[in-house]
Amino acid sequence: MLSGLSNLRDARIRIAKRIVKELHAGAVVNLGVGIPSLIQNYLKPDSHVYLQSENGLLGMGPTPPKDEIDMNLISASKHPISLGIGSSLFSSADSFAMIRGGHIDIAVMGALQVSEKGEIANWAVPGKDILGVGGAMDLVASAKKIIIAITHVTKDRTPKIIQKLTYPSSGTRAANLIVTEKALFEVKDNTLLLKEIAEDSSLQEIKQLTEAHFIISDDLQTMKIN
Amino acid sequence: MTIGECKKRISAKDAVKMIQKGDSLLVGGFGICGTPFTLIDTITESNHARELTIISNNLGEAGKGLGKLLISKHIKKAIGSYFTTNRDAVKAWNNGELEIELIPQGSLAEAIRAGGAGIAGFYTKTGVGTEIAKGKEERDFEGETYIFVRGIRARLALIKADKADTMGNLVYARTARNFNPMMATAADIVIAEVDEIVEAGTLDPEQIITPHNYVDYVVLNDRYEKIGGEYVERTK
């Protein structure tokens, strides 16, 4: 069981809520599948954050009421969505030109592992049935800022933030920020900097559940969600 | 004007007759959004159009769209970016019944765009330093490493648009556009399935995404109708 959090769902929601604070007004943001897809639920309507969906939409709006669902309008997670004010539609080629051309300010994505240098593995597990890469490598290569949203450990409590990746990497670029339900790390000069610890965690627990080396910020804070 | 005056209009059955054993097909769609359901279902009923190489972002969903074509054993190889969520695809791959080639989604979209635009290939940063880069030419530009990706073309493209006009100009619906416009440019024979055919001149030229010269044939989607926002198979 995750200390202080009754279940995985609460952990995921906490991560999503913390990342919301990193999304500044005017930012063009791509949200990946998994925990990042929860973020939309916690964005204020007046946040002026513009969500890009890799399947061809800038200005994604929230899940519509049931009688307005149109399966010709879906997110990258293939869920029904709506069109926000000022939204625009385009092809997959134009969408990835937006991504690969460096026009996405922030990409929030899940990961299987992150290394102590911030390298990301989020597409394949050797020997397992993950036959997909999707848009992960495009975003890793080209988004201006990369935020990783992950639970601190796997279901069997194996650390996900580790010294060296053992799963195939998604690219040579590193994450800028790693947010878990227990901690927030910034990646600076190929090093992890622990900046925040959740109220119900402790430095001792972070050390125990993080295989990667990290340094502790002089300005270490308690993670604030709201 | 009646839809009969669309000279490019053919039946789904006649469209599928053009597919040969072992053909490569570009098929539009993101999951089952923007996918030519009627054409795909018609292929599942054919005996000749087997051992196909399908180039599509996914293989639809389990039992839906291209997922149906997988179950009916018409697919030999799938080239796309994401197959994990279709458990049938994973199973077929594990059993050695399906070859899979993974291409990052942006490289897939751009390769098809290039294929249709007379561009042999392009250099991209996507995939550098990963398993995807293995065997690919690398080249540095201004201190950064790029890999070379070849353009993609196929003999046929099966795409899905919302409407065609009687000349074959196409407009799309919302995110059902996805890969369809590029695929319309990157095949020798382009067959567009549409929900509706309208008279030429009634579509706003500003809104036409695929000009008519890219479209060889138009097939009317007569097997599925939209109910409650979803495409549902019509009862015969």
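Parameters and conventions
Residues numbered from 1 in each chain as written. Chains lettered and ligands numbered in written order. Predicted model: local features only at pLDDT ≥ 70, side-chain atom pairs only at ≥ 80, totals over all residues. Heavy atoms only, no water. Helix = DSSP H or I, 4+ residues; strand = E, 2+ residues; numbered from the N terminus. Rg over C-alpha atoms; globule rule 2.2 N^0.38 Å. Buried < 20%, exposed > 50% of the residue type's maximum accessible area, 1.4 Å probe, protein only. Contact = heavy atoms within 4.5 Å. Areas by Shrake-Rupley, 256 points an atom, 1.4 Å probe, with all protein chains shown as cover. Polar contact = N/O pair within 3.5 Å; in protein donor to acceptor, adjacent residues only side chain to side chain. Buried area = accessible area lost by both parts, 1.4 Å probe. Salt bridge = Lys/Arg side-chain N within 4 Å of Asp/Glu carboxyl O. Phe/Tyr/Trp six-rings, centres within 6.5 Å; stacked < 30°, edge-to-face > 60°. Expected span 1.5 Å × (residues − 1). Core = buried A, V, L, I, M, F, W, Y, C linked by side-chain atoms within 4.5 Å. Pairing = 2+ DSSP bridges. Axes fitted to C-alpha atoms, helices over the stretch in contact; angles between N-to-C directions.

Let us now look at the overall build of chain A. Looking only at helices and strands, chain A has 4 helices and 13 strands in total. For chain A, the C-alpha radius of gyration of 17 Å lies close to 17 Å, the compact-globule estimate for 226 residues. Principal-axis analysis of the C-alpha atoms places the extent of chain A at approximately 50 × 35 × 35 Å. Sorting the 226 residues of chain A into buried and exposed places 56% on the buried side. Taking the contacts inside chain A whose residues are at least 6 apart along the sequence as the reference set, 63% of them involve residues at least 24 apart. Working note: accessible area of chain A is about 10000 Å², and carbon and sulfur atoms make up 51% of it.

Tracing the backbone through its elements, the reader meets Val128(B) in the loop between β5 (121–124) and β6 (138–141). For Val128(B) and Ala12(B), which are 116 residues apart along the polypeptide, the C-alpha to C-alpha distance reads 42 Å. Residue contacts for Val128(B): discarding those within four places in its chain leaves Gly171(A), Thr172(A), Ala133(B), Thr145(B), Tyr146(B) and Ile147(B).

What follows is about the side chain of Ser82(A). Residues and elements named next belong to chain A. Of note, Ser82 is situated in strand β4 (residues 82–89). In terms of polar contacts, Ser82 uses its side chain to reach the backbone carbonyl oxygen of Pro62, at 2.6 Å. Residues within four places of Ser82 in sequence aside, it is in contact with Gly59, Met60, Gly61, Pro62, Pro64 and Leu73.

Moving on to unusual backbone geometry. One non-glycine residue, His48(A), adopts positive backbone phi at about 55°. Looking at the secondary structure, you find His48(A) in the loop between β1 (28–31) and β2 (50–53). By relative accessible area, which is 47% here, His48(A) ends up partly exposed. Positive phi is not limited to glycine here, since Lys73(B) has a value of about 60°. The exposure class of Lys73(B) is exposed, given its relative accessible area of 57%.

Contact residues are listed per partner, giving 47 residues for chain B and 37 residues for chain A. Summed over both sides, the interface between chain B and chain A buries roughly 3400 Å², with carbon and sulfur atoms accounting for 61% of that surface. On the chain B side of the contact with chain A, Phe30(B), Arg174(B) and Thr175(B) bury the most area, a combined 19% of that side's loss. The interface formed by chain B and chain A includes 1 salt bridge. The partner of Lys226(B) in a salt bridge is Asp70(A), with the nearest N and O atoms 2.7 Å apart. Linking chain B to chain A there are 21 residue pairs in polar contact (both at pLDDT 80 or more). Among the secondary structure elements, those contributing two or more residues to the side of chain B that touches chain A are α4 (87–94), β4 (99–102), α5 (105–116), β5, α6 (180–183) and β13 (230–233) of chain B.

All names here are of chain A. This model, assessed by the stated rule, comprises 22 salt bridges over all chains. Of the charged contacts, one joins Glu196 and Arg18 as a salt bridge, the two residues approaching to 2.9 Å between their closest N and O atoms. Here Arg18 lies in helix α1 (residues 8–20) and Glu196 lies in strand β12 (residues 191–197), a separation of 178 residues in the sequence. Judged on exposure class, the residue Glu196 and its partner Arg18 are both buried.

Moving on, we come to the packing of aromatic side chains. In the structure shown here, the tally under the stated rule is 6 aromatic pairs over all chains. When the centroid spacing of 5.4 Å and the interplanar angle of 70° are considered together, the rings of Phe185(A) and Phe214(A) count as edge-to-face. In this pair, Phe185(A) is assigned in strand β11 (residues 183–188) and Phe214(A) in the loop between α4 (203–209) and β13 (215–222), connecting sequence segments 29 residues apart. Looking at Phe214(A), the relative accessible area reads 17%, which means it is buried. With a centroid separation of 5.3 Å and 65° between ring planes, the pair formed by Tyr123(B) and Phe141(B) is classed as edge-to-face. Of this pair, Tyr123(B) sits in strand β5 while Phe141(B) sits in strand β6, placing them 18 residues apart in sequence. Relative accessible area serves as the criterion here: at 26%, Tyr123(B) is assigned to the partly exposed category.

Working note: α-helix, 3.6 residues per turn, so residues spaced by three or four point in the same direction. Residue and element names in this part refer to chain A. Compared with an ideal rise of 1.5 Å per residue, which puts 13 residues at 18 Å, α1 spans 19 Å between its outermost C-alpha atoms and is within 8% of the ideal. Residues Ala11, Ile13, Arg14, Ile15, Ala16, Arg18, Ile19 and Val20 constitute the buried set of α1. In the core, the buried residues of α1 are packed alongside β5 (106–109), β8 (145–149), β10 (177–179), β11 and β12. Of the residues that open α1, the one with a side-chain oxygen 3.1 Å from the backbone nitrogen of Arg9 is Asn7.

Bringing the nonpolar core into the picture now. All names here are of chain B. Membership of the largest hydrophobic core comes to 34 residues, with the highest contact counts inside it found for Leu26, Ile55, Ile112, Ile152, Ile159, Leu170 and Val194. Within the residue set of this core, elements represented by two or more residues are α5, β8 (154–165), α6, β10 (187–198) and β11 (217–220). Apart from residues lying up to four places away in sequence, Leu170 is in contact with Ile159, Ala161, Lys163, Ala164, Ala192, Val194, Ile208, Ile209, Thr210 and Val215.

Right, let's talk about the sheet that holds strand β9 (residues 161–162) of chain A for a bit. Residues and elements named next belong to chain A. Within the open sheet, the 3 strands sit side by side as β7-β6-β9. Their pairing is mixed. Only two strands of the sheet have a single neighbouring strand rather than two, namely β7 (120–121) and β9. When strand β6 (residues 113–115) meets β9, the two strands line up parallel, connected through 2 bridges. The residue of β9 that forms the bridge with Val114 is Ile161.

The next subject is the sheet that holds β5(A). Picture the strands of a sheet paired through backbone hydrogen bonds; they go either parallel or antiparallel. All names here are of chain A. Strand order in the open sheet made by the 10 strands is β4-β3-β2-β1-β5-β8-β10-β11-β12-β13, with mixed pairing throughout. The open sheet has two edge strands, β4 and β13, and neither has a second partner. With strand direction ignored, the average angle separating the axes of adjacent strands in the sheet is 25°. Each of β5, β8, β10, β11 and β12 touches α1; the most contacted strand, β8, lies at about 160° to it. Most of the contacts of helix α2 (residues 92–100) go to β2, to which it runs at about 120°, and overall it touches β1, β2 and β3 (57–61).

Another aspect to go through is the environment of Asp88(B). Residue and element names in this part refer to chain B. Position of Asp88 among the secondary structure elements: in helix α4. On the basis of relative accessibility, which here comes to 25%, the residue Asp88 falls in the partly exposed class. Each C-alpha atom of the pair Asp88 and Ala187 lies 28 Å from the other, and the pair is 99 residues apart in sequence. Excluding residues within four positions of it along the chain, Asp88 makes contact with Ala62, Gly63, Leu70 and Ile71.

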